[in-house]
Amino acid sequence: MKELLLEIKNLHKKFGKLEVFKGVNINVDKGEKIVILGSSGSGKSTALRCINLLETPTDGEVIVDNQVVNKLNRKDLRTYRQKIGMIFQQFNLLSSKTVGENIAFNLKAGEVPTKDIPKRIDELLELVGLSDKKNVYPNQLSGGQKQRVGIAKALANNPKLLLCDEATSALDPVTTKQILSLLKEINRKLGIT
C-alpha cells in the first residue's frame, strides 16, 4: 500500500510583483521518484527551495510526513531539514576541506555522535563509489566525482526525501548517465523518495 510522504497544496511563490508559480499541487508517495520539467526560469529550483524552506512560500502548504512544514518554528525547522537531502547543481563543496571533512560537516550539523562519523563517512563514500577519495580536496576531483561527494553529503543524515536541483546540468553526457544510475540505485537500495 502506498504511503504519502510529500504533499504540496495550492503552493504560490512571488518575489515582489513577480509571480513565479501559483496553485501548484503535488503528491509524492514514499519511495517514489518524480521529475519536474520546465524551461529555464519557470520556477523549478524555487519550488524545490520551497519544499526545504530555503524559500518561504507566499501561500499554500508543504506537508511532509503529515506535518505542515512551512508553519514550523525555527527549532522545529532545523529538525525538519535533517529529513531532507539536497543535491545542488554547483556541488556546494568546501574547497578548504577534504572530501571526508566535507561529509563530516553535514554529519556534525545533523548531530551524529563524533565517534560514529568516520564509519559513516566510509559507508557513504563506498555507496557513491569514492572510497579512495576520502583525503582528497575538491579541486583534485572531476565534476562527476564532485557531484558524487555532493550526493554523499545529501545522504549523510539518512534523509527521507532527496531533492536534486539540476544535479547533472554541469556534467558531460557519460557522467550524467552515471550519476542518474547512481541516484536510481540509491532509491532502490535505500528507499529514499
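Everything that follows concerns the structure shown earlier in this document.
Quick caveat, the model's predicted, so the values are computed rather than measured.

(A) Structural detail: the nonpolar core. Counting 29 residues, the largest nonpolar core has Ile87, Ile103, Ile121, Val149, Ile151, Leu155 and Leu162 as the members making the most contacts within it. Elements represented by at least two residues in this core include exactly helix 3 (99-109), helix 4 (117-127), helix 5 (143-155) and helix 6 (173-190). At five residues, helix 5 tops the list of elements feeding residues into this core. Excluding residues within four positions of it along the chain, leucine 155 makes contact with Arg120, Leu124, Leu127, Leu162, Ile186 and Ile192. By size, the runner-up hydrophobic cluster in this structure holds 22 residues, among which are Val20, Phe21, Val28 and Ala47.

(B) The arrangement of the environment of asparagine 158 in detail. The topology assignment puts asparagine 158 in the loop between helix 5 and strand 6 (161-164). Of the residues examined, asparagine 158 reaches a relative accessible area of 57% and is grouped as exposed. In this structure, the C-alpha to C-alpha distance between asparagine 158 and glycine 85, residues 73 residues apart in sequence, is 8.1 Å. Of the polar contacts made by the side chain of asparagine 158, one reaches the side chain of arginine 120; its length is 2.9 Å.

(C) Inspection of the side chain of threonine 98 at higher detail. Within the secondary structure, threonine 98 sits in the loop between strand 5 (84-87) and helix 3. Every residue in contact with threonine 98, bar those within four places of it in the chain, is listed here: Lys134, Asn135, Val136 and Tyr137.

(D) Expanded view of the packing of helix 3 against helix 5. Relative to each other, helix 3 and helix 5 sit at 25 degrees, their axes nearing to 8 Å. Taken together, the axes of helix 3 and helix 5 lie roughly parallel to each other. In this structure, the crossing between helix 3 and helix 5 has a hand that is right-handed. In contact with Val99, Asn102, Ile103 and Asn106 of helix 3, helix 5 contributes Val149, Ala152, Lys153 and Ala154.

(E) Expanded view of helix 1 (residues 44-51). For helix 1, the tally of buried residues reaches six of eight residues, placing the bulk of the element in the interior. All buried positions along helix 1 are accounted for by Lys44, Thr46, Ala47, Leu48, Cys50 and Ile51. Phi for leucine 53, located one or two positions after helix 1, is positive at around 60 degrees.

Cut-offs used in this document
- Residues numbered from 1 in each chain as written.
- Predicted model: local features only at pLDDT ≥ 70, side-chain atom pairs only at ≥ 80, totals over all residues.
- Heavy atoms only, no water.
- Core = buried A, V, L, I, M, F, W, Y, C linked by side-chain atoms within 4.5 Å.
- Buried < 20%, exposed > 50% of the residue type's maximum accessible area, 1.4 Å probe, protein only.
- Helix = DSSP H or I, 4+ residues; strand = E, 2+ residues; numbered from the N terminus.
- Contact = heavy atoms within 4.5 Å.
- Polar contact = N/O pair within 3.5 Å; in protein donor to acceptor, adjacent residues only side chain to side chain.
- Axes fitted to C-alpha atoms, helices over the stretch in contact; angles between N-to-C directions.
- Parallel < 35°, antiparallel > 145°, perpendicular 65-115°, else oblique.
- Left-handed = near helix turned anticlockwise from the far one by under 90°.

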